[in-house]
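Inside the fold
Given next are the chains, with one letter for each unit.
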Amino acid sequence: THTLYLTRHGQSEYNRLRKIGGNSGLTSYGLEYARRLAAFSEGTICREDGTNANKARLWTSSMRRTNETAQFIPHPQVAIDGDKWVQMSHRVYRNLDEIFAGEYEGLTYEEVAANHQDEAFLRKVDKIGYRYPRGESYYDIISRLDPLVHELESYHEPTLIVSHQAVLRLLYAYLMGYDREDSTKIAIPLHTVLKLTYNGWSRCTEERVFLGP
Ligand code: G3H
């Protein structure tokens, strides 16, 4: 089986302040999640059963919060566990970065609603197509995810992807066979790993593992 593990970064300073975008680091809660994610990946992901047992790939975005979230996962060193290889090779992809909010980076949603009412309305009526001033839309993310999805689907090792809510909404909807138009409102919770397994059909089966704190 081919299993993908999707997770957002741990709680960041901007999450705590409810600000959009930015490149902040993790809060102490976020760091605790990073430690738990490392334990989970060693204890569970690297021990997935099957013909490709004990091999997993690690992909993160290029942002500070995802790299801090992955920092305790042992990679890229290769360890030998009994007669089996345990390998997490880390790749950093800008294509996995969060939606870029352009001129609205660093604002709160309340500030956008109060000071940029027309833009907030446009986003409300067409969230997938709405492009932030000098920033991105969800459609822009779809185009930059396209090559990654092709790469992902040619692999047969478990892969752990540490990315961001907007990006993971689209990946998740694609893998689960949901309409992308509906995907922009799906809640992808923090501190939770979504385990998606290809089942031979057009969509994956899903399991969620909340790691806390
Ligand atoms: O922090 C940004 C979010 O991940 C994107 O959420 O597209 O619902 O504003 P949104």
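Residues numbered from 1 in each chain as written. Predicted model: local features only at pLDDT ≥ 70, side-chain atom pairs only at ≥ 80, totals over all residues.

Comments concerning the overall build of the protein chain
Along its length, the protein chain carries eight helices and seven strands. Across the protein chain, contacts joining residues at least 24 apart in sequence account for 67% of those joining residues at least 6 apart. (Helix = DSSP H or I, 4+ residues; strand = E, 2+ residues; numbered from the N terminus. Contact = placed C-beta atoms within 7 Å.)

Considerations on the site of the ligand
Residues in close proximity to the ligand include I20, E98, I99, H164, Q165 and A166, which together make up its full environment. Considered class by class, the residues forming the shell around the ligand number three nonpolar, two polar and one charged. (Near = placed C-beta within 6 Å. Nonpolar A, V, L, I, M, F, W, Y, C, P; charged D, E, K, R; others polar.)

Points about the UniProt feature "active site" (unreviewed entry) in the protein chain
Within the UniProt annotation, "active site" (unreviewed entry) is assigned to H9 and E98. The largest pairwise C-alpha distance within this set of annotated residues, which runs over 90 residues, is 10.6 Å, so the set is compact in three dimensions. Secondary-structure assignment places H9 in the loop between β1 (3-8) and α1 (13-17). Its 30 C-beta neighbours within 10 Å are what place H9 among the buried residues. Within the element layout of this structure, E98 appears in the loop between β4 (84-92) and α4 (109-115). For E98, the contacting residues outside a window of four places in its chain are G21, M63, H164, A166 and V167. (UniProt positions renumbered as here; feature names shortened; annotations may be inferred. Buried ≥ 20, exposed ≤ 12 C-beta atoms within 10 Å, placed from the backbone.)

Thoughts on the pairing of β1
Summarising burial for β1: six of the six residues are buried, a large majority. Residues T3, Y5 and T7 line one face of β1 and the alternating positions L4, L6 and R8 line the opposite face, and both faces are buried. Examined bridge by bridge, β1 and strand β6 (residues 192-198) share four bridges and lie antiparallel to one another. Looking at the pairing, T3 lines up with T197 of β6. By the bridge criterion, five bridges tie β1 to strand β5 (residues 159-163) in an arrangement that is parallel. Residue pairing across strands places Y5 opposite L160, the latter belonging to β5. (Pairing = 2+ DSSP bridges.)

Concerning the UniProt feature "binding site: substrate" (unreviewed entry) in the protein chain
According to UniProt, the "binding site: substrate" (unreviewed entry) feature falls on R8, H9, G10, Q11, S12, E13, Y14, N15 and R65. Despite a sequence span of 58 residues, these residues sit close together in the fold, their greatest C-alpha distance being 14.1 Å. Position of Q11 relative to the elements: it lies in the loop between β1 and α1. Classification of Q11 by C-beta neighbours within 10 Å gives buried; the count is 21. When near neighbours in sequence (up to four residues on either side) are disregarded, Q11 contacts R16, L26, T27, Y29, G30, Y33 and L190. Mapped onto the elements of the fold, R65 is located in helix α3 (residues 64-70).

Overview of unusual backbone geometry
Leaving glycine out, the prevailing phi sign among residues is negative, and the prevailing peptide bond configuration is trans. The omega torsion across G212 and P213 is 10°, close enough to zero to call that bond cis. Looking at the element boundaries, P213 is found in the segment after β7 (204-210). Its identity is not glycine, yet R18 carries a phi of approximately 60°, on the positive side. Tracing the chain through its elements places R18 in the loop between α1 and α2 (28-43). Look at H191: it is not a glycine, yet its phi comes out positive at around 60°. For H191, the location among the structural elements is in the loop between α8 (180-183) and β6.

Digging into the packing of helix α6 (residues 138-153) against helix α7 (residues 165-176)
Put simply, α6 and α7 touch, their axes get as near as 10 Å, and they point 60° apart. The angle between α6 and α7 places the two elements in the oblique class. Viewed along their axes, α6 and α7 form a crossing whose handedness is right-handed. Across the interface between the two elements, Y138, I141, I142, L145 and V149 of α6 pack against A166, V167, L170, L171 and Y174 of α7. Residue composition of the contact of α6 with α7, by class: ten nonpolar, no polar and no charged. (Axes fitted to C-alpha atoms, helices over the stretch in contact; angles between N-to-C directions. Parallel < 35°, antiparallel > 145°, perpendicular 65-115°, else oblique. Left-handed = near helix turned anticlockwise from the far one by under 90°.)

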